[in-house]
Amino acid sequence: MKKFLFLVLFALTVSFASAQDVVKFLGIPVDGPKSEMIKKLQEKGFKYDSENDLLYGMFNGEDLSLRVYANRDGKVWQITLLDTKVRDKDDIKTRFNMLLWQFLGTNKYVKIMGDIIPDSEDIEKGILIDGKKYQAHFLPSGIDVSDFEFEKLKDLTEEKIQELTVEEQLLIMEKVLRLAKLSCVWFQIGDSSGGGYIICMYYTNPNNDPRNGEDL
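Residues numbered from 1 in each chain as written. Predicted model: local features only at pLDDT ≥ 70, side-chain atom pairs only at ≥ 80, totals over all residues. Heavy atoms only, no water.

1. Observations concerning the pattern of salt bridges
No. 1: Overall, the coordinates contain nine salt bridges when judged by the stated rule.
No. 2: Aspartate 53 is paired through a salt bridge with lysine 34; the nearest N and O atoms lie 2.6 Å apart. You can see aspartate 53 sitting in the loop between strand E3 (47-49) and strand E4 (54-59) and its partner lysine 34 sitting in helix H2 (residues 34-43), a full 19 residues away along the chain.
No. 3: Across the pair aspartate 83 and arginine 95 runs a salt bridge, and its minimum N-O distance is 2.7 Å. Of this pair, aspartate 83 sits in strand E6 (residues 76-83) while arginine 95 sits in helix H3 (residues 89-104), and the two are 12 residues apart along the sequence.
No. 4: Several salt bridges converge on common partners, so that one network encompasses Glu62, Asp83, Arg87 and Arg95. (Salt bridge = Lys/Arg side-chain N within 4 Å of Asp/Glu carboxyl O. Helix = DSSP H or I, 4+ residues; strand = E, 2+ residues; numbered from the N terminus.)

Right, here's the structure in full:
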């Protein structure tokens, strides 16, 4: 059974964030007009393909494609980065682990989910047969996360949730909803359309996310 946290932490990308907690990409807040974000990224060396609305460049030593997502008002809510180099199941494991170590080695973020993939793990089987998602989630380090009790949350399964009292379930959901208000960075192993694997990385500002129900 999938861990409960894998289900609920997707709320991190679909709710609200306070302005002071907005995550930054290359020092640029993931916020404001999309046109301004593209201009700033071009100043950082990225090349813009206007026909496909994509930027290309190097980030953290890797060649990547980048897309800036905006809501109906033109405000940026997410930057998505995809590896251009496709790797086999062993190389992508090394790439994932290295990226995780790099995030852990900086003081910019606090990890809330994600573990090193062991050498013995067959990620091809894990993804295709077991339905696993190899992910890591981080919050900006300025956010106080001392009372979220991540160690307890990450071990919860659907079965364990059902065994809790209504009050305990409501307390967990309260923590999840508070998490959902926070800006984040996360990455995962994804399938390439031509076979093999890539890293997909997301810098998200839920404050501008159109999936919050802007048309309701």
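2. Focus: the environment of leucine 41
No. 1: Mapped onto the secondary structure, leucine 41 falls in helix H2.
No. 2: Relative accessible area serves as the criterion here: at 0%, leucine 41 is assigned to the buried category.
No. 3: In this structure the C-alpha to C-alpha distance between leucine 41 and glycine 57, which are 16 residues apart in sequence, comes to 9.4 Å. (Buried < 20%, exposed > 50% of the residue type's maximum accessible area, 1.4 Å probe, protein only.)

3. Things to note about H3
No. 1: Under the 1.5 Å per step criterion, the end-to-end length of H3 is 23 Å for 16 residues, consistent within 8% with the ideal 22 Å.
No. 2: Every buried residue belonging to H3 is among Ile92, Lys93, Arg95, Phe96, Asn97, Leu99, Leu100 and Phe103, and all of these are buried.
No. 3: The N-cap residue of H3 is aspartate 88: its side-chain oxygen and the backbone nitrogen of aspartate 90 are 3.1 Å apart. (Expected span 1.5 Å × (residues − 1). Polar contact = N/O pair within 3.5 Å; in protein donor to acceptor, adjacent residues only side chain to side chain.)

4. Let's talk about the side chain of threonine 204
No. 1: Here threonine 204 is to be found in strand E10 (residues 197-204).
No. 2: In this structure the side chain of threonine 204 is engaged in a polar contact, spanning 2.9 Å, whose partner is the side chain of glutamine 78.

5. Remarks on the environment of lysine 111
No. 1: Checked against the element boundaries, lysine 111 lands in strand E7 (residues 109-113).
No. 2: A relative accessible area of 33% places lysine 111 in the partly exposed class.
No. 3: Beyond its immediate stretch of four places on either side in the chain, lysine 111 contacts Leu100, Leu104, His137 and Phe138.
No. 4: Reaching out from lysine 111, the side chain makes a polar contact with the backbone oxygen of glycine 114 at a distance of 2.8 Å. (Contact = heavy atoms within 4.5 Å.)

6. Quick word on the pairing of E4
No. 1: Pairing between E3 and E4: three bridges, direction antiparallel. Paired with tyrosine 48 across the strands is leucine 55, a residue of E4.
No. 2: What sits between E3 and E4 in their antiparallel hairpin is a turn of four residues, with aspartate 53 showing a positive phi close to 55°.
No. 3: In the sheet, E4 pairs with strand E5 (residues 62-70) via five bridges, with the strands oriented antiparallel. Across the sheet, phenylalanine 59 pairs through a bridge with glutamate 62, a residue of E5.
No. 4: Taking the residues between adjacent antiparallel strands as the criterion, E4 and E5 are bridged by two residues, where asparagine 60 takes a positive phi near 55°. (Pairing = 2+ DSSP bridges.)

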